Each structure stands twice: as structure tokens, then as C-alpha cells.
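# Observations on the three-dimensional arrangement
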Amino acid sequence: MRRPDAMIPISILLSALYYLTTPWRPFAGSWAVKAASVALLAVVAHRKGARGLAWALAFSALGDAVLEYSPNWFIGGLAAFLIAHIIYTVVFVRRWRGVRVSAGAVAVVIYSCVFAAWLLPEVGTIVLPVAIYVAAITAMVASAFMARFSNRWVEIGAVLFLISDTVLAVDRFRMPVPLPDWIIWPSYYVGQYLITKGFLKATERAE
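Let me begin by describing the structure that accompanies this report.

The rules behind the values
- Residues numbered from 1 in each chain as written.
- Predicted model: local features only at pLDDT ≥ 70, side-chain atom pairs only at ≥ 80, totals over all residues.
- Heavy atoms only, no water.
- Phe/Tyr/Trp six-rings, centres within 6.5 Å; stacked < 30°, edge-to-face > 60°.
- Helix = DSSP H or I, 4+ residues; strand = E, 2+ residues; numbered from the N terminus.
- Buried < 20%, exposed > 50% of the residue type's maximum accessible area, 1.4 Å probe, protein only.
- Lys NZ or Arg CZ within 6 Å of the ring centre and 35° of its normal.
- Patch = residues over 30% accessible without salt bridge, like charges linked within 9 Å, V, L, I, M, F, W, Y side chains within 5 Å.
- Areas by Shrake-Rupley, 256 points an atom, 1.4 Å probe, with all protein chains shown as cover.
- Salt bridge = Lys/Arg side-chain N within 4 Å of Asp/Glu carboxyl O.
- 1 Å grid on protein atoms, 1.4 Å probe; cavity = no way out; pocket = protein on both sides within 12 Å on 5 of 7 lines; lining within 4 Å.
- Points joined across faces, edges and corners; volume = space filled by probe spheres on them.

## As for the packing of aromatic side chains
One pass over the full model with this rule turns up 16 aromatic pairs. For the pair Y111 and F115, a centre-to-centre distance of 5.9 Å together with 10° between the ring planes defines the contact as stacked. Within this pair, Y111 and its partner F115 are both found in helix α5 (residues 103-119), separated by 4 residues, close to a single helical turn. Judged by its relative accessible area of 34%, Y111 falls in the partly exposed class. Measuring from centroid to centroid gives 5.4 Å for W185 and Y188, while their planes differ by 45°, and the two rings are tilted. Of this pair, W185 and Y188 both sit in helix α8 (residues 180-206), 3 residues apart, roughly one helical turn. Grouping residues by exposure puts W185 and Y188 together as buried. Members of the aromatic cluster, joined through ring pairs, are Y18, F81, F161, W185, Y188 and Y189. Its end group placed over the ring of Y18, R25 keeps NZ or CZ at 3.8 Å from the ring centre. The ring of F74 has R172 lying over it, and the distance from NZ or CZ to the ring centre is 3.8 Å.

## As for a nonpolar patch on the surface
A cluster of nonpolar side chains, V101, V106, I110 and V114, forms an exposed patch at the surface whose accessible area comes to about 400 Å². Residue classification places V101 among the exposed residues on the basis of a relative accessible area of 72%.

## Observations concerning the layout of surface pockets
Considering only enclosed or pocket space, the largest pocket measures out at about 900 Å³ in volume. If you go around the largest pocket, you meet 36 residues; those closest to its centre are K34, L67, F74, L168 and I184. When residues in the lining of the largest pocket are grouped by element, the largest group, 10 residues, is from helix α7 (residues 153-174).

Given below as C-alpha cells:
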């Protein structure tokens, strides 16, 4: 039996700390607390030999830090997450065992098309980068379903990631969402954690 990585409980504790300090954010160093939560998951993935997963988590952590450090760096944060989704997609596609239609993937694509049609007219001058990002996260979630992992954690985590970004986009571009921070962070972090857990579990089982 493999020993659990000590970085995981530390990551969870930092995530909880960031979540509980919601009313006082941003505070000095909040960007580091936010980024460290997912960066530690990247360390776990790297230690277990999942290099692609580790890079996706690392770029996610970079995006966390950039967005928290300054709202004016939104495009920079978007770019970091875009790279993370591209890496996730490549990692998931490599685990495909042939191409079979997945109801979950089809549902995600339909949802994203409808959401994009509703959201993009209100985005303004950054419509192109936002459209590219929507396409990237859609590909990430759909590829997670198409990979057909031996467990459902990766799929659930990817969907939670999509929910987090949906709420963020609605609140930023379309209409105020009640208590958005209380929704965005838990769904995002739990999503990243479940992707990590599910991927590593499936990898260990395949060895």
C-alpha cells in the first residue's frame, strides 16, 4: 500500500484557509495562499510521475496567483488557465482507448455552445480570448469524459471546474451572482482535487 502524500492535507488546509478568509480578501499574501493550494497538488502529481498532470496544475496555480494579485491582470490569468486546459486535454486524450461517443461529452459541448452564445455578446473587447478559453475548457471537460477513466472522479472534477468558471463568467460579464466567492472557490478547488485524485488512482491501477 502506498503512503498518502503529506502535501495533500496541507493543500486542503490552505484551501480551507483561503475560503474562510473570503470576507477579507484580498489581503497581503492572499495570492500565495490561493496559489499554494493547487501548487501542492502539482507537487503530488510530479512525485507520482504524472508530469503532464503536474504541469496542468502548475499553470492553474499560476493563474490563481495572477488573478488574485491584481484584477488588472485578468488576461494574464486567463492565459495561464488556457495553457492548463490545453495540457489537461492532451493528457486526457492520451488515455483514450479508441474514439467512442460519450453522452457526457456531448452534453458538455451542447451546454458550452448555448452558454457561449448567451455570454459572448456581453464580453466586449476581449470576446476573442474569452471565446478561445470557453473552447479550451469545453475540450478539457469533454476529453475527460472520452478518456473513460476507471473511476468517475476525473469527470466530476472537470465538471466542477466548468461550474466554477461558469459562475465567475456570469458574475463578471452578465449579472451579479449572490455570494460568488462562496461558490467559485469550493467548486474550483474540489474540482482540481478530484481530477488529481482520480487521475492518480487510475494511473496506479493501470500499473
